[in-house]
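# Architecture and fold: a report
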Amino acid sequence: MKALDTNILVRYLVQDDAAQAKLANQYIEKYCTRDEPSFINRIVLCELVWVLESAYGYDKSLIA
């Protein structure tokens, strides 16, 4: 099973760096399918929330 890390998820959601976002988009589109989904660890979700709040200033309601 494949897994996604925080960096890929941040780049995919935020799209703040064109080159990295492109790679994240390509990875997710290629490897995250209905037939073969990728795993997201709980710690990765915690890190994602923390990064979106602290580094990007996203509101908790938007993250949720």
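Each value, and the rule that gives it
- Residues numbered from 1 in each chain as written.
- Predicted model: local features only at pLDDT ≥ 70, side-chain atom pairs only at ≥ 80, totals over all residues.
- Heavy atoms only, no water.
- Helix = DSSP H or I, 4+ residues; strand = E, 2+ residues; numbered from the N terminus.
- Buried < 20%, exposed > 50% of the residue type's maximum accessible area, 1.4 Å probe, protein only.
- Contact = heavy atoms within 4.5 Å.
- Axes fitted to C-alpha atoms, helices over the stretch in contact; angles between N-to-C directions.
- Parallel < 35°, antiparallel > 145°, perpendicular 65-115°, else oblique.
- Left-handed = near helix turned anticlockwise from the far one by under 90°.
- Nonpolar A, V, L, I, M, F, W, Y, C, P; charged D, E, K, R; others polar.
- Polar contact = N/O pair within 3.5 Å; in protein donor to acceptor, adjacent residues only side chain to side chain.

Scanning the protein from N- to C-terminus turns up four helices and zero strands. The dimensions of the protein, computed from C-alpha atoms along their principal axes, are 35 × 25 × 15 Å. Taking all 64 residues of the protein together, the buried fraction comes to 23%. The contacts in the protein between residues at least 6 apart in sequence include a share of 65% that link residues at least 24 apart.

A word on the packing of helix α1 (residues 6–14) against helix α3 (residues 42–54). Their axes nearest at 9 Å, the elements α1 and α3 cross at an angle of 45°. In this view, α1 runs oblique relative to α3, as classed from their interaxial angle. Viewed along their axes, α1 and α3 form a crossing whose handedness is right-handed. Residues T6, L9, V10, L13 and V14 of α1 form the contact with α3, whose own contacting residues are V44, E47, L48, V51 and L52. The class makeup of the residues in the contact of α1 with α3 is eight nonpolar, one polar and one charged.

Turning our eyes to something else, we now look at the environment of E47. Positionally, E47 belongs in helix α3. Sequence separation between E47 and A18 is 29 residues; the distance between their C-alpha atoms is 22 Å. At a separation of 2.5 Å, a polar atom in the side chain of E47 contacts the side chain of T6.

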